[in-house]
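One letter stands for each residue in the lines below.
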Amino acid sequence: MDIPVYLFAGFLEGGKTTFINGILQDGFALRDRTLLICCEEGTEEYDLKVLKNVTVVNVEEEENLTPAFLKGLEKKHRPRQILIEFNGMWSLGRLYQEALPDNWVLYQVMTMVEAATFDVYAKNLGQMMMEKLTNADLIVFNRCTEALRDSLRQRNLKMVNRRASIYLEYLDGTSEDYADDSVCPFDLSQDIIEIPEDDFGVWYVDVMEHPERYEGKAIRATAVVCHLPQYPDNVILGRFAMTCCENDITFLGLVSVGDSFDAYENRSWADVTGIVHLERHKAYEGADGPVLHVTAISPTGKPKQEVLTF
């Protein structure tokens, strides 16, 4: 039986224990037996009131994390879900490649960072810090101030990990989304903005929410060519995406104009280069929206992952 694993990464004093206490207080482990593997001991302690359905196992040495050891914990405690508070000085790569049993499925990686010490860790432990950021699905910068917020946004960390949700947690307990109008997940200074295959969905959301960023910008992407009867003079270039489950697949498509589309069958794959312009089109119900003016197109094979996930 597959067991979901939730991994909490980050350096000492980053706020991992506090975050885990918070989700346990919200009832995360209320119904299912939970195994919490703690690989780092900080100043914060776990709240015993929320550990009624949670077994805590401390691991002090990285070498102890082996498939045999972890399977032994599974057999002994029979968890339905597993939380791992990971040691910031240990390698995530080793954990993924050598330690996790095959049926331990990594559902989510959450990285906690103390905003005030981020620069120090980034300068002195750059590779370790980047590993925590690039592998994360969720990144939380704790104990932010306005000055730290502005400094973090100037770094534009969305370009380090486009798919992660990033939040800034303030000293008073409030939080806000890291991404605002000043933060773009792509380098707009490039002559041609390359859209990696796995990041097409991220780009699509950004161009739809902030189309003005891309006015006059050239982009290159791999996309599906769709001919739709309601737009006989155009094609829709995009990707299919699963936003929730296999029954929730939608097409993320951009209205496109060009001269060579007749040579492409419906749902064929192509490498496309074009320039984005904001134009009025009936696809946008009479409003202005992004339209891709294709300057080059060529057939290509399907990517390894045909359907995008968020």
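Quantities reported herein were computed from a predicted structural model and do not represent experimental measurements. Just so you know, the residues in each chain are numbered from 1, in the order the chain's sequence is written. This being a predicted model, a pLDDT of at least 70 is required before a residue's local features are given, and a value of 80 or more before pairs of side-chain atoms are given or counted; all residues contribute to the totals for chains, interfaces and linings. Each side-chain value is worked out from all heavy atoms of the structure, with water and hydrogens disregarded.

## What to know about helix α7 (residues 200–209)
Part 1 of the argument: Exposure categories follow from relative accessible area, calculated using a 1.4 Å probe and restricted to protein chains: below 20% of the type maximum is buried, above 50% is exposed, and the middle band is partly exposed. Each helix is a run of H or I in the DSSP string that is no shorter than four residues. Each strand is a run of E no shorter than two, and both are numbered from the N terminus. Across the ten residues of α7, seven count as buried, placing the element largely inside the fold.
Part 2 of the argument: Within α7, the full set of buried residues consists of F200, G201, V202, W203, Y204, D206 and V207.
Part 3 of the argument: Two residues form a contact once any of their heavy atoms are found within 4.5 Å. Buried-residue contacts for α7 involve β10 (218–226), β11 (235–242), β12 (249–257), β13 (268–280), β14 (288–299) and β15 (308–309).

## Let's talk about the layout of surface pockets
Part 1 of the argument: Estimates place the volume of the second largest pocket at around 300 Å³.
Part 2 of the argument: Lining the second largest pocket are 14 residues, and of these C38, E40, E41, G42 and N58 sit closest to its centre.
Part 3 of the argument: Residues were grouped as follows: Ala, Val, Leu, Ile, Met, Phe, Trp, Tyr, Cys and Pro as nonpolar; Asp, Glu, Lys and Arg as charged; and all remaining residues, including Gly, as polar. For the lining of the second largest pocket, the per-class residue count stands at five nonpolar, three polar and six charged. Whether a set of points on the 1 Å grid over the protein atoms alone is a cavity depends on a 1.4 Å probe fitting there but being unable to get out, while an open set qualifies as a pocket with protein on both sides within 12 Å along at least five of seven lines; lining residues are those with an atom within 4 Å of a point. Grid points are joined across faces, edges and corners, and a volume is the space filled by probe spheres set on the points.

## Here we look at the sheet that holds strand β4 (residues 81–85)
Part 1 of the argument: Here we have eight strands laid out as an open sheet, ordered β3-β2-β4-β1-β5-β6-β7-β8, and mixed in their pairing. Each having just a single partner strand, β3 (54–58) and β8 (175–177) make up the two edges of the open sheet. Adjacent strand axes in the sheet meet at a mean angle of 20°, parallel and antiparallel pairs treated alike.
Part 2 of the argument: As paired elements, strand β2 (residues 34–38) and β4 share five bridges and run parallel to each other. Following the sheet pairing, L35 is matched in β4 by I82.
Part 3 of the argument: Between the N-to-C directions of two axes lies an angle of 0 to 180 degrees, each axis being a line fitted to C-alpha atoms and, for a helix, fitted only over the stretch in contact. Each of β1 (3–9), β2, β3 and β5 (104–114) is contacted by helix α2 (residues 67–77), which is oriented at about 145° to β2, the strand it contacts most. Strand pairing is defined by DSSP finding a minimum of two bridges between the two strands.

## Re the pairing of β10
Part 1 of the argument: The buried fraction of β10 amounts to eight of the nine residues, a majority that puts the element mostly inside the structure.
Part 2 of the argument: In this sheet, β10 lies alongside strand β9 (residues 192–194) in parallel orientation, the contact comprising three bridges. Its bridge partner being in β10, I192 is matched across the sheet by A218.
Part 3 of the argument: If you view a crossover with the strands going away from you and the path from the first strand over the helix to the second runs clockwise, you call it right-handed. Between the parallel pair β9 and β10, the chain is carried across by α7, and the sense of this crossover is right-handed.
Part 4 of the argument: Direction of pairing for β10 relative to β13: antiparallel, over a ladder of eight bridges. Opposite V225, over in β13, you have S268 as the bridge partner.
Part 5 of the argument: Pairing between β10 and β11: three bridges, direction antiparallel. Bridged to C226 within β11 is I236.

## As for the environment of G93
Part 1 of the argument: Along the chain, G93 turns up in helix α3 (residues 92–99).
Part 2 of the argument: Sequence separation of G93 and K282 is 189 residues, and the distance between their C-alpha atoms is 48 Å.

## So, unusual backbone geometry
Trans is the common state for peptide bonds, and a negative phi is the common state for residues other than glycine.
Part 1 of the argument: Positive phi, normally seen in glycine, also occurs at R78, with a value near 50°.
Part 2 of the argument: Mapped onto the fold, R78 is located in the loop between α2 and β4.

## Concerning the pairing of β5
Part 1 of the argument: Pairing between β1 and β5: seven bridges, direction parallel. Within β5, the residue paired with I3 across the bridge is W104.
Part 2 of the argument: Judged from the five bridges that link them, β5 and strand β6 (residues 138–144) form a sheet pairing that is parallel. Following the sheet pairing, M112 is matched in β6 by V140.

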